[in-house]
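Residues per chain, in single letters:
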Amino acid sequence: MDRFRIAQSYTGKLTRLIISALLAVYSTAAPAAQAYSFAYTVGDMRLPSVQNGGTACPQPDRWNNSLIGGINRRWSTSLATSPSTILSLDQTAAGQLNEIESAITESFGVWTGVPGTTLIPTSLAAISRTSAAVACSSSDGLNTICLNQNDAAFTTGVISFTRITTADSIGELAVPNHPASTFVGEIVDADILVNPTANGVLFATPAALAANPQATDLESVITHELGHFFGFMHSGVWSAMMFPFVPPPGAFHAPRPTIQNPDAPLSDDDRAGLRVLYPDASDTTHVGTISGRILPANPLSLVGLVGVTGIFAAQVVAIDNTTGAVVASAQAGWSCGTAGPPVFNGSYVIQKLPLGTSQSYQIYVEPFTGPEDSSDAAGALTRLCRNGFTDANWPAQFSCTVPSVTTNFTARIRPAN
Amino acid sequence: MSNRKLFTLTITVLLVLVVALESGATMLVRMDLNALARSAEIIARVRCIHTNTRWESGTVWTFDDFDVLEVFKGSASQLLRVRLPGGRVEHTDVRIEGVPEFASGEETILFVERTSAGDYGITSWAQGTFRVRRQPSGDALLTQDTSHIAVFDPRTRQFTTTGARNLPLSEFREQLAEALVSTDGASPRR
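Residues numbered from 1 in each chain as written. Chains lettered and ligands numbered in written order. Predicted model: local features only at pLDDT ≥ 70, side-chain atom pairs only at ≥ 80, totals over all residues.

### Topic: the overall build of chain B
Logical step 1: Helices and strands together make up the secondary structure of chain B, namely 3 helices and 14 strands.
Logical step 2: Across chain B, contacts joining residues at least 24 apart in sequence account for 55% of those joining residues at least 6 apart. (Helix = DSSP H or I, 4+ residues; strand = E, 2+ residues; numbered from the N terminus. Contact = placed C-beta atoms within 7 Å.)

Given below as C-alpha cells:
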C-alpha cells in the first residue's frame, strides 16, 4: 500500500474552505466510486486548426444551446398494446398519450429549471409527436424518444439506452436537420430507445404509479436518460439523478418537480455538473472553484509509468460542512495545456461551488479500484486520448495513451499553500 | 466456512438478484449467471483480433471479430463476429454507455445471442462481458463489465457494487458448469 499526499490550491473566492480528513484505506477488492462526469470528445488533429479548434484537449460533449429553440425534440406515439407496457391513469388512447407527454415535458423541465445555467426552457423547441414506429435514427438530426423499439442493438436484458451522436470537428454537417457543428464535442443527435416488451417491464406515468406499485416510474427513467441526453455520464452520488440505478417499482426519484421547483428531483451534484456544461456568465452565486493535484508522497512510486506525474485517477468530492450533503465532485488525474493533449499529473478542478460567507467544504478523495484497466474508472476516461493506434496518421505531438488507473493508495492531507 | 465457499457464496449473492438497473445510459435487467447462461446461444472465451465500424440502418455499428479460444456453450466457428451499437465513423461518433468496447488482443469471455438482424450480439451487453486479466503467475481473473457500477455514499462511508470482480477463471468454470446443468442440462465443452 503506497501513500499519497494532496496539494490544494484555491481559485475563486471561497472564504472558509476547510480541508479535513480524507478517506481511509481501501483494499483492491473495494469497488470503484464515481461522481458526476461527462463524456468527452477529442478533436481530429489531422484536420486544420479551424476545424479541430486547435487543441487535442478533450472537450465535454454538450449541445449548442445558443439558439432559441435550437434543440429539437419529439417522441414516438408507437406504444406496445398487447400487453400495454406504459400504464396511465386515463385509459383512453388520447389520455394515455397526454399523460406520457406530460411526463416527458416535466422531465425536460427538470433539467432546464436549474438556476445558473444557460440551458433554459427556450433552449428547447416545442415537443412534437411522430406516429412512426421506427423514429430513433442517429442520422436524422431529430432527437426522439421511442418507447416501443425492437432495434437490432437490443439483446436479452437490455431495456433502454440513450444514443448520443457527436462531431469531432467544427463545421461538420454530420446529420440533416442540424446545422454544421460549431465546436468539438457538439451533440448533433440524441435518441432514447426503450424496449420494455421483451423483458416484461412495466412503466407507469406519475399519475398511475400509486395504483401500480409493480411498475417503474416513467418520469424518473426519462429524467435520468435526459441527463445523458444533455451530456452527463453517471454519478456515484447516491442522491443524484445520474446515480446509475432506477428507483424500485412503485417508487420515484423524490421529490417530484413542481412549478416553484422544477429541478426538485436533482441533487446539487447534478446541478453543479449542469452549470459546468452550460455555464451562465451572469451567475454570481456559483463561482467557487477548488483545484489541486493528487501526488504521491513517494515520487518513485510513479517510476515506470510513462507520462504520469500524479495519481490517475481518483474521485474528489466536495461536501458542504453545514449540511453534510455532497455539493459537487470531479474526476482527478489529468489536465490540459492550451494545445493538449492531456497530461496525467493528478490534477483536479471542482467548479461551480456556491460562494458565501458561511460556506465551507470538506474534500474527500477516493481511489478508483478494480483491475488494472483504465476503462474501469469510468467510460469517460477511455476517451481522453487519441493516437496512432486509434486513428491512422494521428500526429505524434497530439498523441497520448490513457494510463492504467492507480488504485492502491491511502490519502492524507498536506495543508494548502 | 472455508474461504473458497465464502468466496463462492459472495459471488452467488452478487449474481443472484434479478432487478432493474442501469449501466451507462442503459437500463439493463440484472441477470444472474443462470439467466445469462440460459439466454446465450454461445458462451466462449475469445480474443479480439479486429474491429470495424460503419453506418447501417440509420446508425453506426461496431463489428468485433474474435478468435475463439474455448467454447463453454453452443457451437462456434473459429471466428466469431459480434455486432454492437455505436462507434466512430469519420467525424461522427455515436456513443452508448453500457456497450462494451474491445481492443485488439484483449481476452474476454462473452455470452452471445442472435440479434434481430440475424447476426450475433452480446447478451445484456456489459453484463455478458467478462474481461480476462492474466496474472504474472499465469492465472486468470475475470471481471464483469457491470462490476463498474459501484458507488461511495459519504453519509454511510460505505461502498456498494454489483457484478463479478477478480473472479478466478477456475471458479467461473465451476459456476458456469453448474449454471449450464441447472438451466438446460448441457455440459460445458472444453
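Picking up where we left off.
### Quick word on the overall build of chain A
Logical step 1: Secondary structure summary: chain A contains 5 helices and 17 strands in total.
Logical step 2: Taken across its 417 residues, chain A has 52% of its residues classed as buried.
Logical step 3: Contacts spanning at least 24 positions in sequence make up 73% of the contacts within chain A whose residues lie at least 6 apart. (Buried ≥ 20, exposed ≤ 12 C-beta atoms within 10 Å, placed from the backbone.)

### With respect to the sheet that holds strand S10 (residues 203–204) of chain A
Residues and elements named next belong to chain A.
Logical step 1: With parallel pairing, 3 strands are arranged side by side in an open sheet as S5-S10-S11. With partners counted over all chains shown, the strands left at the sheet margins are strand S5 (86–87) and strand S11 (216–217), one partner each.
Logical step 2: Judged from the 2 bridges that link them, S10 and S11 form a sheet pairing that is parallel. Note that in S11 the partner of Ala204 across the bridge is Asp217. (Pairing = 2+ DSSP bridges.)

### As for unusual backbone geometry
Residues and elements named next belong to chain A.
Logical step 1: Look at the link from Gly340 to Pro341: it is a cis peptide, with omega at -5°.
Logical step 2: Looking at the element boundaries, Pro341 is found in the loop between strand S14 (326–332) and strand S15 (347–353).
Logical step 3: Unlike most non-glycine residues, Asn177 shows phi in positive territory, near 65°.
Logical step 4: Here Asn177 falls in the exposed class, since 12 other C-beta atoms lie within 10 Å of it.

### Description of the confidence of the model for chain B
Atomic detail in the predicted coordinates should be set aside for any region of low pLDDT.
All names here are of chain B.
Logical step 1: Of the residues in chain B, 74% have a pLDDT of 70 or more, and the chain-wide mean is 79.
Logical step 2: In this model residues 4–24 is a low-confidence stretch, pLDDT under 50, and it forms 46 contacts with partners more than four residues away in sequence or in other chains.
Logical step 3: Confidence drops under a pLDDT of 50 for residues 149–160, and excluding neighbours within four residues, the segment shows 33 contacts in the predicted structure.
Logical step 4: Our summary of model confidence lists the complex with pTM equal to 0.84 and ipTM equal to 0.82. (pLDDT = per-residue confidence, 0-100.)

### Here we look at the environment of Phe243 of chain A
Residue and element names in this part refer to chain A.
Logical step 1: Along the chain, the position of Phe243 falls in the loop between helix H4 (218–229) and helix H5 (268–277).
Logical step 2: Owing to 23 C-beta atoms within 10 Å, Phe243 belongs among the buried residues under this scheme.
Logical step 3: C-alpha separation for the pair Phe243 and Asp270, spaced 27 residues apart in sequence, amounts to 9.5 Å.

### Overview of H5 of chain A
All names here are of chain A.
Logical step 1: H5 sits mainly inside the fold: 10 of its 10 residues count as buried.
Logical step 2: Residues of H5 that are buried: Asp268, Asp269, Asp270, Arg271, Ala272, Gly273, Leu274, Arg275, Val276 and Leu277.
Logical step 3: In this structure, the buried residues of H5 make contact with strand S3 (59–60), helix H2 (93–112), H4, S14 and S15.

### Quick look at the nonpolar core
Logical step 1: One finds Val316 and Ala318 of chain A together with Val112 of chain B to be the most contacted residues of the largest nonpolar core, which totals 138 residues.
Logical step 2: Sequence-distant contacts of Ala318 of chain A, defined by excluding residues within four places in its chain, comprise Ile290, Val327, Ala328, Ser329, Ile350, Leu353, Tyr361 and Ile363 of chain A. (Core = buried A, V, L, I, M, F, W, Y, C linked by C-beta atoms within 7 Å.)

### Here we look at the pairing of strand S13 (residues 314–320) of chain A
Along any regular strand the residues' side chains alternate between the sheet's two faces.
Logical step 1: Burial analysis of S13 of chain A places 6 of its 7 residues in the buried class, which makes it a mostly covered element.
Logical step 2: In this antiparallel pair of consecutive strands, S13 of chain A and S14 of chain A, the connection spans 5 residues, and Gly324 of chain A shows a positive phi of 80°.

### Considering the environment of Gln127 of chain B
Logical step 1: Its location among the elements puts Gln127 of chain B in the loop between strand S9 (120–122) and strand S10 (129–134).
Logical step 2: Taking C-alpha positions, Gln127 of chain B is 9.6 Å from Leu33 of chain B, a pair spaced 94 residues apart along the chain.
Logical step 3: When neighbours within four sequence positions are excluded, Gln127 of chain B is seen to be in contact with Gly157 of chain A together with Leu28, Met31, Leu36, Gln144 and Thr146 of chain B.

### Describing H2 of chain A
All names here are of chain A.
Logical step 1: Along its 20 residues, H2 runs 29 Å from first to last C-alpha, staying within 8% of the 28 Å computed at 1.5 Å per residue.
Logical step 2: Listed as buried for H2 are Gln96, Glu99, Ile100, Ala103, Ile104, Ser107, Phe108, Val110, Trp111 and Thr112.
Logical step 3: On its buried face, H2 is in contact with strand S4 (74–76), S5, strand S7 (144–146), helix H3 (206–209), H4 and H5. (Expected span 1.5 Å × (residues − 1).)

### Details of the domain arrangement of chain A
Residues and elements named next belong to chain A.
Logical step 1: As assigned here, chain A comprises domain 1 (2–59 + 278–413) and domain 2 (63–232).
Logical step 2: At the level of elements, strand S2 (40–41) and helix H1 (49–52) are the ones that each hand at least two residues to the side of domain 1 that touches domain 2.
Logical step 3: In terms of residues, the side of domain 1 that touches domain 2 owes the most to one element, H1, which gives 3 residues.
Logical step 4: A class-by-class count of the residues in the side of domain 1 that touches domain 2 yields 9 nonpolar, 8 polar and 3 charged. (Domains from an automatic or database assignment. Nonpolar A, V, L, I, M, F, W, Y, C, P; charged D, E, K, R; others polar.)

### Digging into the packing of H2 of chain A against H4 of chain A
Residue and element names in this part refer to chain A.
Logical step 1: Put simply, H2 and H4 touch, their axes get as near as 9 Å, and they point 45° apart. Judged on the interaxial angle alone, H4 and H2 are oblique. Both H2 and H4 take part in a crossing whose hand is right-handed. Together, Ala103, Ile104, Glu106, Ser107, Phe108, Val110 and Trp111 of H2 and Leu218, Glu219, Ile222, Thr223 and Leu226 of H4 make up the contact between the two elements. (Axes fitted to C-alpha atoms, helices over the stretch in contact; angles between N-to-C directions. Parallel < 35°, antiparallel > 145°, perpendicular 65-115°, else oblique. Left-handed = near helix turned anticlockwise from the far one by under 90°.)

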